[in-house]
Amino acid sequence: MSFTSGPPQTTQQYVLDHLRRAILTGRLAPGSPIRQDALAEQLGVSRVPLREALKILEGEGQVIYRPRRGYMVAELALEDFLEVYRLRQILEEEAVRRAIDKMTDEDIERLEEAHEDVVAAAKSGEIIAMATANRRFHFTLIDAAGMARLCKFLNILWDATDVYRSLYYGQESNRERVDREHRGIIEAVRARDADALVQRLDDHRTGTVGAFSEFLARRDS
C-alpha cells in the first residue's frame, strides 16, 4: 500500500490513490460493489485508467472480479484471515531475527520516527496517515533483514487485510494499544533481544487478530 504525495504523475495513479483511500477508510467497505460508470464520472476520468487501477488492486487481493457482477471490494472469510496472520507470524519472525543485529542507529531512529507519526495520526483520527505510518514502522524492521523475496511476500499479505484496517484503527482503545505495543517493540530492538522482539510482535498481532476475528464472526453469523 502506497500513496503518492503532490500532484499525481498519471491519471491511473490518481484513480488508484482514490480507490486505496476509499478502501482503507471504509468508504468502500468489504463486499461493496464498485460502480465503474459512476466512479469514472465522479473522478472525471475515462473507464480505461479506472480498469487499470482495478486490475492492480485485484492483483493485491483488495478487490475481486465477479462475472456479470463486476468488481467489488474483497471480503475475507475468518479462516482466510487467520491464515494470513499465521503466515505473517512465521515470515515476520524469520525477518526480525535476521534483522535485529543488522539494524543501525539510523534504522532505529526511523523506527521511532514512524511510531511518532503513528501516534500523531492516531490523536488526530487520521486513519490513512496512521495506517501508512504503521506500515512504515513494521517494514523498517522487515526491510532490515535484507531479504527481498520475503519482504515481497509480506507486502502481499499486508495488502490482503488492508480492507479491514479502518475497523481496527477506528476504535480509540485500539489506537492506544498500538502506541503501547509499538513502544515495547522499540525497547526490544534497542536491547537487541530477538526473543523479546518476537514475543512482542506476536502479542501485537494477537490483539489485532482478536478484534478482527470478533468482527468477522459477527459478520458471518
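See above for the structure.
It should be emphasised that the depicted structure is a prediction, and the values quoted were computed from it without experimental measurement.

Enquirer: I'd like a description of the overall build of the protein chain, backed by residues and values.
Expert: Regarding its fold elements, the protein chain presents 10 helices and 2 strands. Each helix and strand of the protein chain, placed in order from N terminus to C terminus, yields the pattern α-α-α-β-β-α-α-α-α-α-α-α. Radius of gyration (C-alpha) of the protein chain: 18 Å, near the 17 Å computed for a compact globule of 221 residues. For the C-alpha atoms alone, the extent of the protein chain along its principal axes is close to 55 × 45 × 35 Å. A buried classification covers 47% of the 221 residues belonging to the protein chain. Relative to all contacts within the protein chain whose residues are 6 or more apart in sequence, the contacts with residues 24 or more apart total 70%. Here the protein chain displays about 11400 Å² of accessible surface, and carbon together with sulfur accounts for 48% of that area. When the 32 positive and 37 negative side-chain charges of the protein chain are each reduced to one mean point, those points stand 5 Å apart.

Enquirer: How would you sum up the packing of aromatic side chains? Please name residues and give values.
Expert: Evaluated as defined, the whole model comprises 3 aromatic pairs. Taking the centre distance of 5.5 Å and the plane angle of 70° together, the rings of F139 and W158 count as edge-to-face. Taken as a pair, F139 in helix 6 (residues 127–143) and W158 in helix 7 (residues 148–160) lie far apart in primary sequence, 19 residues in all. By relative accessible area, W158 is classed as buried at 2%. R88 extends its terminal NZ or CZ atom over the ring of Y85, reaching a point 4.7 Å from the ring centre.

Enquirer: Explain the pairing of strand 1 (residues 63–66) to me, using residue names and the numbers behind them.
Expert: Pairing of strand 1 with strand 2 (residues 70–73), which is carried by 4 bridges, proceeds in the antiparallel orientation. Residue pairing for strand 2: Y65 is matched across the bridge by Y71.

Enquirer: Any chance you could break down the pattern of salt bridges for me, citing the residues and the numbers?
Expert: Scanning the entire structure with this criterion turns up 14 salt bridges. The partner of R98 in a salt bridge is E94, and the shortest N-O contact between them spans 2.7 Å. Of this pair, R98 and E94 both sit in helix 4 (residues 78–99), separated by 4 residues, roughly a single helical turn. A residue is classified by how much of its surface remains accessible, and R98, at 44% relative accessible area, is partly exposed. Residue E94 is classed as partly exposed on the basis of its relative accessible area of 34%. A salt bridge links D202 to R205; the nearest nitrogen and oxygen atoms lie 2.5 Å apart.

Enquirer: Please set out the packing of helix 4 against helix 7 residue by residue, giving values where relevant.
Expert: Relative to each other, helix 4 and helix 7 sit at 150°, their axes nearing to 10 Å. Between helix 4 and helix 7, the angle falls in the class roughly antiparallel. When the axes of helix 4 and helix 7 are compared, the crossing they make is left-handed. Listed contacts from helix 7 to V84, L87, R88, L91, E92, E94 and A95 of helix 4 are L150, F153, L154, L157, W158 and A160.

Enquirer: I'd like to hear about the packing of helix 1 (residues 11–25) against helix 2 (residues 36–43), residue by residue, with values.
Expert: As a packed pair, helix 1 and helix 2 sit with axes 12 Å apart at the nearest point and diverge in direction by 115°. Judged by the angle between their axes, helix 1 and helix 2 are roughly perpendicular. Read as a crossing pair, helix 1 and helix 2 show a hand that is right-handed. Two secondary-structure elements touch here, helix 1 through Y14, V15, H18 and L19 and helix 2 through L39, Q42 and L43. Residue composition of the contact of helix 1 with helix 2, grouped by class: 5 nonpolar, 2 polar and no charged.

Enquirer: Before we move on, can you summarise the environment of H204 with the specific residues and values?
Expert: The residue H204 is located in helix 10 (residues 194–220) in this model. Take H204: its relative accessible area is 7%, and that puts it in the buried class. C-alpha separation for the pair H204 and E181, spaced 23 residues apart in sequence, amounts to 6.2 Å. Setting aside its immediate chain neighbours within four residues, H204 contacts H138, V178, E181, H182 and I185.

Conventions and cut-offs
Residues numbered from 1 in each chain as written. Predicted model: local features only at pLDDT ≥ 70, side-chain atom pairs only at ≥ 80, totals over all residues. Heavy atoms only, no water. Helix = DSSP H or I, 4+ residues; strand = E, 2+ residues; numbered from the N terminus. Rg over C-alpha atoms; globule rule 2.2 N^0.38 Å. Buried < 20%, exposed > 50% of the residue type's maximum accessible area, 1.4 Å probe, protein only. Contact = heavy atoms within 4.5 Å. Areas by Shrake-Rupley, 256 points an atom, 1.4 Å probe, with all protein chains shown as cover. Lys, Arg positive; Asp, Glu negative; His and termini not counted. Charge placed at Lys NZ, Arg CZ, Asp CG, Glu CD. Phe/Tyr/Trp six-rings, centres within 6.5 Å; stacked < 30°, edge-to-face > 60°. Lys NZ or Arg CZ within 6 Å of the ring centre and 35° of its normal. Pairing = 2+ DSSP bridges. Salt bridge = Lys/Arg side-chain N within 4 Å of Asp/Glu carboxyl O. Axes fitted to C-alpha atoms, helices over the stretch in contact; angles between N-to-C directions. Parallel < 35°, antiparallel > 145°, perpendicular 65-115°, else oblique. Left-handed = near helix turned anticlockwise from the far one by under 90°. Nonpolar A, V, L, I, M, F, W, Y, C, P; charged D, E, K, R; others polar.

Geometry only, nothing functional implied.
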